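Listed below, chain by chain, are the residues.
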Amino acid sequence: MSAAPLLSAFRQSLFEAWASGAGVLLPLGFFAGTAAMVPFTLGSEAELLSRVGPGILWLALALSSMVTLERVFQADLQDGALDLWLQDTGSISLVAAIKTLTHWLVSGFPLVLLTPLIGFMLGVPTTKMIPAMIGYSMGGLIFFLWGGVAAALSASVARAGLLIALIALPLYVPALIFGVQMIDAGFNSPSFMLLSASTLFALGVAPAAMGAALRLAAE
Amino acid sequence: MLSYLANPFRFMRFSKIAIPISFAAGLLMVAWSLYNGLFVVPPDEAQGGDLMRAMFTHVPSAWLCMGLYAALAVSSFIWYIWRHELADVAARAIAPIGAGYTALCFITGSIWGQKGWGAGWHNLILGDSRLMSVLVLFFLFLGYIALRAALETRQKAARAAAILAMVGMINVPIIKVSVDMWQTTTIHQPSSVISIGAPEPREEGSGMDWVYLQQLLWGFGGHSLLAAAMIMMLMRSEVYGQQAERALALKLEGS
């Protein structure tokens, strides 16, 4: 099998992100907007905000990962790219993995880079920022992988946004819990190890499920 | 037994007799455990006084909803590997019943816990790790049902739903571990105040009294039989529905 479909999947999802207007900026705006709404709902008490800040950022990350999930595989199904990949290579799972990782790179990783700013806004202690950012990177990957499974399963459903959210949310729970705990507990804690383990687990299992789902969607 | 019933004709013959028997027996057993649980056994003050009587519905449904999700995943697996139609019919029938029992589990759990927590029932659901994992299980069931409903052809829906059920199943242990970890650091009281869930030995180490355990087992047996009967009813109606579609297609074709 050649690397051509993988490269094309990589290039395509990279361009796709910029194609429809400000595709990359959408999740960023949503993420920042959600987090900025928090003082309105919880009050502007500095002590409270700095305590709930990391958790709010986790929630905002989970929500904004869903904003773009609907587009990940649906476009490929509609423009026929999916059929070509299926003809070209034996391993659609690998293509799905590449697509998800690229998707994370363009619409997940920028959120991580934005977190110090919003964290600073909410008054999260600077010492917690580094573990938080590493946690958000891994958690974002988990969100996109399991969310990608949901997106692949509902690729042939029109207006699947809410369906994807309903399917993916229960699968987000472990990453959310481990992630919030590791911010306080640091790198030398079971939460961090479990978060890493869930990331690896999702990396190993989710592409297979996505591949099976995509093969089904293309029929 | 399972491979014997894998033949749809044998299943239809078997379920025709088995449904009324297991439905009636299940109803009787549930009624017996409820009667004893609500009126006969003495209230246990350590477990929340009269509120602990919710236990006789709560604990059997907690056992059952985990079991039903596993059953859903197993039938999905069987269907996905061997494409056995009846396995898919079973998976489709299990989902709503399982969702019902998960709902029953956290509703009764929160009623029972009201006194123990003394802080309104939202606190109980959101504060107890075991109820919280049941709640997540409920959403897994809901997602499964919603995905099935959203896909247009039956075959597609069955395949996608089977993948989802298997993905959900391998995630259930991780969810369980994570929710248990979350609970130890929560600001809410630990669940040892009242031990919700399995009949574990209580604080004083005396173990659950036989009077209570007996009713729990009656309830568990009864609810299992009831669930089995309801699942078989749904399966039969699904099989009949497919037969009707086939008959209609034949008729339209003119043969």
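Rules and cut-offs
Residues numbered from 1 in each chain as written. Chains lettered and ligands numbered in written order. Predicted model: local features only at pLDDT ≥ 70, side-chain atom pairs only at ≥ 80, totals over all residues. Helix = DSSP H or I, 4+ residues; strand = E, 2+ residues; numbered from the N terminus. Rg over C-alpha atoms; globule rule 2.2 N^0.38 Å. Buried ≥ 20, exposed ≤ 12 C-beta atoms within 10 Å, placed from the backbone. Contact = placed C-beta atoms within 7 Å. Nonpolar A, V, L, I, M, F, W, Y, C, P; charged D, E, K, R; others polar. pLDDT = per-residue confidence, 0-100. Expected span 1.5 Å × (residues − 1). Bend = angle between axes of the 7 residues up to and from the residue. Axes fitted to C-alpha atoms, helices over the stretch in contact; angles between N-to-C directions. Parallel < 35°, antiparallel > 145°, perpendicular 65-115°, else oblique. Left-handed = near helix turned anticlockwise from the far one by under 90°. Core = buried A, V, L, I, M, F, W, Y, C linked by C-beta atoms within 7 Å.

## Considering the overall build of chain A
(1) Moving on: In terms of regular secondary structure, chain A is built from nine helices and zero strands.
(2) Moving on: In sequence order, chain A lays out its α and β elements as α-α-α-α-α-α-α-α-α.
(3) Moving on: Relative to the 2.2 N^0.38 estimate, which gives 17 Å for 219 residues, the radius of gyration of chain A is 18 Å and therefore close to what a compact globule would have.
(4) Moving on: Dimensions of chain A along its principal axes, counting C-alpha atoms only, are 55 × 35 × 25 Å.
(5) Moving on: The buried share among the 219 residues of chain A stands at 51%.
(6) Moving on: Considering only intrachain contacts with a sequence separation of at least 6, the fraction spanning at least 24 residues in chain A is 80%.

## Points about the interface of chain A and chain B
(1) Moving on: Taken residue by residue, the interface counts 23 residues in chain A and 24 residues in chain B.
(2) Moving on: Taken together, the elements giving at least two residues each to the side of chain A that touches chain B come down to α7 (129-153), α8 (161-185) and α9 (190-218) of chain A.
(3) Moving on: Tallying contributions element by element places α8(A) first for the side of chain A that touches chain B, with eleven residues.
(4) Moving on: Class assignment for the residues of the side of chain A that touches chain B results in 18 nonpolar, five polar and no charged.

## Here's the deal with the confidence of the model for chain B
All names here are of chain B.
(1) Moving on: Averaged over every residue, the pLDDT of chain B is 81; residues scoring 70 or more account for 80%.
(2) Moving on: For chain B, per-element mean pLDDT is lowest for helix α5 (residues 121-127), which scores 52, and highest for helix α2 (residues 8-40), which scores 91.
(3) Moving on: Scored below 50 in pLDDT, residues 185-206 makes 33 contacts in the model with residues more than four places away or belonging to other chains.
(4) Moving on: Reported confidences for the modelled complex are a pTM of 0.87 and an ipTM of 0.88.

## With respect to helix α6 (residues 109-122) of chain A
Each full turn of the α-helix corresponds to 3.6 residues, which orients residues three or four apart in the same direction.
Residue and element names in this part refer to chain A.
(1) Moving on: An ideal rise of 1.5 Å per residue puts 20 Å on 14 residues; α6 measures up with 20 Å between its terminal C-alpha atoms.
(2) Moving on: The largest bend in α6 comes to about 40°, at Thr 115, with the proline Pro 116 one to four residues further on.
(3) Moving on: Those residues of α6 hidden inside the fold are in contact with α2 (25-42), α3 (46-79) and α7.
(4) Moving on: Where α6 terminates, the next one or two residues include Gly 123, which has phi positive at roughly 80°.

## Describing the environment of Ala71(B)
Residue and element names in this part refer to chain B.
(1) Moving on: Relative to the assigned elements, Ala 71 resides in helix α3 (residues 55-82).
(2) Moving on: Given 20 C-beta atoms within a 10 Å radius, Ala 71 is considered buried.
(3) Moving on: Spatially, the C-alpha atoms of Ala 71 and Ala 91 are 7.7 Å apart, while their sequence positions differ by 20 residues.

## What to know about the packing of α7(A) against α9(A)
All names here are of chain A.
(1) Moving on: Two numbers describe how α7 lies on α9: the axes approach to 8 Å, and their chain directions differ by 20°. By the angle between their directions, the pair α7 and α9 is classed as roughly parallel. Two packed elements cross with a definite hand, and for α7 against α9 that hand is left-handed. Touching Gly 135, Met 138, Gly 139, Leu 141, Ile 142, Leu 145, Trp 146, Gly 148, Val 149, Ala 152 and Leu 153 of α7 are Leu 195, Ser 196, Ser 198, Thr 199, Ala 202, Leu 203, Ala 206, Ala 209, Met 210, Ala 213, Leu 214 and Ala 217, all from α9.

## Comments concerning the nonpolar core
Residue and element names in this part refer to chain A.
(1) Moving on: In this structure, Trp 146, Ala 152 and Ala 213 are the most contacted members of the largest nonpolar core, which totals 141 residues.
(2) Moving on: With 17 residues, α8 is the single largest residue contributor to this core.
(3) Moving on: In this structure Trp 146 touches Ala 168, Leu 171, Tyr 172, Ala 202 and Ala 206, once residues within four positions along its chain are discounted.

## Notes on the environment of Leu28(A)
All names here are of chain A.
(1) Moving on: Tracing the chain through its elements places Leu 28 in helix α2.
(2) Moving on: Leu 28 sits in the partly exposed class, given 17 other C-beta atoms within 10 Å.
(3) Moving on: Taking the C-alpha atoms as reference, Leu 28 lies 21 Å from Thr 126; in sequence the two are 98 residues apart.
(4) Moving on: Beyond its immediate chain neighbours, meaning those up to four positions away, Leu 28 contacts Pro 110, Leu 111 and Leu 114.

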